[in-house]
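Structural overview
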Amino acid sequence: MAALLLLAGCADDPEPKFAEPTEAASASPSESATQAAAETPEEFIRRWAELSTDMQNTGDTEAYLAITKGCRPCQDTADNISGIYAAGGSVEWGGMTVERIKTLSGGAFDVWTTSKPTRYRRSASASEKRLPGGRVKYQLVLADSGDGYVLVDLAQRPL
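Keep in mind it's a predicted model, so treat the numbers as computed, not measured. (Residues numbered from 1 in each chain as written. Predicted model: local features only at pLDDT ≥ 70, side-chain atom pairs only at ≥ 80, totals over all residues. Heavy atoms only, no water.)

A look at the overall build of the chain
Secondary structure assignment for the chain yields five helices and seven strands. When the helices and strands of the chain are listed from N to C terminus, the series reads α-α-α-α-α-β-β-β-β-β-β-β. Within the span of the chain, comprising 159 residues, buried residues form 42% of the whole. Long-range contacts, defined here as pairs at least 24 residues apart, represent 61% of the contacts in the chain between residues at least 6 apart. (Helix = DSSP H or I, 4+ residues; strand = E, 2+ residues; numbered from the N terminus. Buried < 20%, exposed > 50% of the residue type's maximum accessible area, 1.4 Å probe, protein only. Contact = heavy atoms within 4.5 Å.)

Have a look at this one:
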């Protein structure tokens, strides 16, 4: 299930609350390029979290894929989300909050998050499934593309 919704975890929240699409997803390509070039790694990581939420809630993978070039787990997640929406399914996810970021070596970062609950249908005829949300830790590896950062690897880690 982690491949379906990259950012799902476990939580005690009984009722999901869903986020609206963020400004990062609605920025024009030139605004996005300017924004990306001036970002710190921490700002990029927070934007990645926003774009992941938007991608999962809308099925539009373009902005997410633009910042995750070369990241196989990211591509797999985007493919899974595309497949859900192509089959008439949907995802309703309140997103995640980046709680803490620790810089490691070689462009790697440990990122502690809290994920909101998720509701999803794999297709138009599928029954609704739920994921409770909760705390999730990731390790992200960033590379500088010359125009800003890109996410090149991602793995979920034990808390």
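Moving on from the coordinates now.
Looking at the environment of leucine 131
Relative to the elements of secondary structure, leucine 131 occurs in strand β5 (residues 129–131). For leucine 131, a relative accessible area of 13% corresponds to the buried category. C-alpha of leucine 131 to C-alpha of tyrosine 120: the two residues are 11 residues apart in sequence and 8.5 Å apart in space.

Considering the sheet that holds strand β2 (residues 96–103)
Pairing within the open sheet is antiparallel, and its four strands lie in the order β2-β3-β6-β7. For this open sheet the edge positions go to β2 and β7 (149–157), each flanked by a neighbour on one side alone. Strand-to-strand twist of the sheet, defined as the mean angle between neighbouring strand axes without regard to direction, takes the value 30°. Two strands pair when backbone bridges link them, and strand β3 (residues 108–115) and strand β6 (residues 134–144) are joined in this way by eight bridges, in the antiparallel orientation. Residue pairing for β6: tryptophan 112 is matched across the bridge by lysine 137. Relative to β2, helix α3 (residues 41–58) is tilted by about 150°, and along the sheet it contacts β2, β3, β6 and β7. (Pairing = 2+ DSSP bridges. Axes fitted to C-alpha atoms, helices over the stretch in contact; angles between N-to-C directions.)

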